[in-house]
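# Examination of the molecular architecture
Now for the letters of each chain:
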Amino acid sequence: MRSRPFITLRLPRVVHPGETFDVGLSLESAAKTPINFVRVALRHTHEQLVPGEGSFEVRDLLLLSEEVAGEGRLGEGIHRYRVSFALPGDLPPTFAGAFQACRCEVRAHVSIPWWLDARESQEVLVRPRSARRPEDGPFIDASHRGRGAFVEVSLPGRTLTPGAIVTGAVAFGGLPGRYPFGLRVALVGNGVEQVNARSASYESCPNVFFQDVTGIAEGTEVPFRISLPGDLAPSFSLREVALEYALEVTIEHLAGGELVRHRVPVVVGLFEPRTGRDGKRPRVGADRWRAVWARAGRRVGLSLERGLRLRGVRAGCTVEVASAVKGLRAGLGATVRFAEPWGLRLDVQWRRVLELDGLEMGDEGFDRRFRAVGREEAQVLAVLGPALRRALRAFHRADVDDREAWVWSAAEASDEQALDAFLAQVDALAQALAAAGAALPPPAAMAAWLPAWRRFAEESDGALRVGSMRLSGTLEGARFELETLFKGAVPARTRVSLRLDPPIEGAARPRNAAEQGIGAAILEQAARIGGVADAEEGVAVAPGAIAVVIGAPLADPAAAREVLRPMLALARQMRGEGRGGPYR
């Protein structure tokens, strides 16, 4: 009479690639039984979910077997056998995911003729041996920048150990006009079948960190902790299959969608647990951003002020850089203020759709993007030379007038490389603006008079704004100003004014006879050099200035001395400092 023997397998629970291990086999037979063979096999397989079919495709990575008994008869009682299997050094470890798995099992098979065969199997875990932790230090990673929402992740290191606690911190930004709801951090595994170039991700760790971030400001550091399972399969990458891990950080929207998702690659291995390292992880968020701005600012001579704001002087221009939002896009903005206003009535702006007016610069790239107008075409064409046009084209948006240029680019404020590039562009713009300001041409109608104006500016220890032909100087210790007034683009009149410092209270009161006499002398001198533009208004007297408008532009501004001297006399008279002389 025959019977199916009872099979017992004895083998290690965990084995390691590159080693040999023994398998003990016991067969307990209740009666003499004929057999064809007794075989012990080791099978290591890779299982891959077939997309669209819902079934798994199984492929053997290793198949070893040994026949411990051939055809014959199995006697009554217990029969013991021992088999040794040598594992390759590149054998993938055991892992089980939602879409892929690697499994290793030992099978015993007793073939019985004309009877049901006896079979038994037992899984064995393949694990790599413990190894030294690779060089690994504090780490910061961030999702894509310059394209809206982003997250930053800080870790004390990227080598993780099963059973350990992962600590780190997250900060987010680039969300103008959008409202984050939740922050989710999870460990995700990615099984890759190298042979067929297929991969699939699954959530490897049942412990997920979640925090409601409603109302948390951008740049705020949010710490997190995740406990890893003790039986988490280690990372590996072999010829046929690989298992990779990443910490997946997701910022969720109030409506249930995702604002941003980012993965930080990590390595899971049998390493000694990290101790005392949590405090050494880098800071993320606003503190790190300020450090980035401080370093970047120092490289171009700008100082960090409150918030994310840099300020300083470049090429004689006052430069201010700050994070700025345009529409719903976060970016970087800068204001570059000129040392002296240009006086061209310049207006350079982003060209709107169907806006066809403005001067043609002969630069297709510039003309397509910008609209430029000013008081005199020749001056605008001269100031917007190749260097300045090139500097303005470097930005996504730019506006320029007589006093400052404002520029903006869709660059990420927390990205040091993007900030460096933006600051270099701003510095080039400041250089181009300074050069354009130094080479400003005068109005065409006054070009021949420029030497006389420069000479008088030097004689009066003053400053000349060539673009508007406006001169500030001193005469007998008092400050004066000559301002050319335009009718359209044509120089038409000249305003001569004397500053009263300190101001004279009640200067606009009715004048006494002496003051009226000096006022008449002012008008007489004005009439000699170009006439009085508004005879009814005559001499305008205010607490801070005495002024008269001459009815013509001045070819030689030195002639204005004859108008300024009686103004000085009138100022002394109003202060009660009357003295002898032609205007007493």
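Residues numbered from 1 in each chain as written. Predicted model: local features only at pLDDT ≥ 70, side-chain atom pairs only at ≥ 80, totals over all residues. Heavy atoms only, no water.

## Examining the sheet that holds strand β1 (residues 6-10)
Reading across from one edge, β1-β3-β8 is the order of the three strands in this open sheet, with antiparallel pairing throughout. Either end of the sheet is taken by a strand with one partner, and the two such strands are β1 and β8 (77-86). The mean angle between the axes of side-by-side strands here comes to 20°, regardless of whether they run parallel or antiparallel. Pairing between strand β3 (residues 20-29) and β8: ten bridges, direction antiparallel. What sits directly across from S29, in β8, is G77. (Pairing = 2+ DSSP bridges. Helix = DSSP H or I, 4+ residues; strand = E, 2+ residues; numbered from the N terminus. Axes fitted to C-alpha atoms, helices over the stretch in contact; angles between N-to-C directions.)

## Quick look at the environment of H396
With respect to the secondary-structure elements, H396 resides in the loop between α4 (386-393) and β30 (397-400). Residues H396 and S409, spaced 13 residues apart in sequence, show a C-alpha to C-alpha distance of 4.8 Å. Each residue touching H396, except ones within four places of it in the same chain, is listed here: W350, R369, W408, S409 and A410. Polar contacts involving the side chain of H396 include one to the main-chain amide nitrogen of A410, which spans 2.7 Å. (Contact = heavy atoms within 4.5 Å. Polar contact = N/O pair within 3.5 Å; in protein donor to acceptor, adjacent residues only side chain to side chain.)

## A look at the packing of helix α1 (residues 286-299) against helix α5 (residues 416-438)
Across the interface, α1 lies against α5 with an axial gap of 10 Å and an inter-helix angle of 30°. As summarised for this structure, α1 and α5 are arranged roughly parallel, according to the angle between their axes. Crossing of α1 against α5: the hand is right-handed. Contacts between α1 and α5 involve V292, W293, R295, A296, G297 and R299 on the former and, on the latter, E416, L419, D420 and L423. Of the residues assigned to the contact of α1 with α5, the class counts are five nonpolar, one polar and four charged. (Parallel < 35°, antiparallel > 145°, perpendicular 65-115°, else oblique. Left-handed = near helix turned anticlockwise from the far one by under 90°. Nonpolar A, V, L, I, M, F, W, Y, C, P; charged D, E, K, R; others polar.)

## A closer look at the sheet that holds strand β16 (residues 165-173)
On the basis of which strands lie adjacent, the open sheet formed by four strands has the order β13-β14-β16-β20 and antiparallel pairing. Two strands lie at the open edges of the sheet, namely β13 (139-142) and β20 (222-227), each paired on one side alone. On average, adjacent strands in this sheet sit at an angle of 25° to one another, irrespective of strand direction. Bridge count for β16 against β20 is six bridges, and the pairing is antiparallel. Looking at the pairing, G168 lines up with F224 of β20. Helix-sheet contacts for α1 involve β13, β14 (150-155) and β16, and the interaxial angle to β14 is about 95°.

## Some details on the packing of aromatic side chains
Scanning the model with the defined rule gives ten aromatic pairs in all. An angle of 55° between the planes, with centres 5.8 Å apart, marks the rings of F95 and F236 as tilted. In this pair, F95 sits in strand β9 (residues 95-96) while F236 sits in strand β21 (residues 236-237), placing the two residues 141 residues apart along the sequence. Exposure remark for F95: the relative accessible area of 3% places this residue in the buried category. Aromatic pair F338 and W342: ring centres 4.3 Å apart, planes at 20°, arrangement stacked. The pair formed by F338 and W342 is uniform in burial state, with each residue classed as buried. Following the ring pairs from residue to residue traces out a cluster consisting of W350, F366 and F370. Geometry around F37 places R39 over its ring, the cationic atom sitting 4.1 Å from the centre. (Phe/Tyr/Trp six-rings, centres within 6.5 Å; stacked < 30°, edge-to-face > 60°. Buried < 20%, exposed > 50% of the residue type's maximum accessible area, 1.4 Å probe, protein only. Lys NZ or Arg CZ within 6 Å of the ring centre and 35° of its normal.)

## Considerations on the pairing of strand β23 (residues 258-268)
Remark: a regular strand shows side chains that alternate across the two faces of the sheet. Sheet topology places strand β15 (residues 159-160) next to β23; two bridges connect them, and they run parallel. Note on β23: the bridge partner recorded for T159 is V267. Examined bridge by bridge, strand β22 (residues 241-253) and β23 share eight bridges and lie antiparallel to one another. Considered in β23, the bridge of A246 is made with P265.

## Quick word on the environment of A552
With respect to the secondary-structure elements, A552 resides in the loop between β37 (545-550) and α8 (561-574). Between the alpha carbons of A552 and A513 there is a distance of 29 Å; along the sequence they are 39 residues apart. When neighbours within four sequence positions are excluded, A552 is seen to be in contact with A492, R493, T494 and G530.

## Overview of the pattern of salt bridges
In the structure shown here, the tally under the stated rule is 29 salt bridges. With a shortest N-O distance of 2.5 Å, R393 and D363 are connected by a salt bridge. Taken as a pair, R393 in helix α4 and D363 in the loop between β28 (347-350) and α2 (364-369) lie far apart in primary sequence, 30 residues in all. Judged by its relative accessible area of 14%, D363 is buried. (Salt bridge = Lys/Arg side-chain N within 4 Å of Asp/Glu carboxyl O.)

## Considering the packing of α4 against α5
Running from amino to carboxyl end, α4 crosses α5 at an angle of 150°, the nearest separation of the two axes being 9 Å. Considering the angle they form, α4 stands roughly antiparallel to α5. In this structure, the crossing between α4 and α5 has a hand that is left-handed. Touching A387, L388, A391 and L392 of α4 are A428, L429, A432, L433 and A436, all from α5. Across the contact of α4 with α5, the residue classes break down as nine nonpolar, no polar and no charged.

## Details of the side chain of S3
You can see S3 is positioned in the segment before β1. In this structure S3 comes out as buried when scored by relative accessible area, which is 17%.

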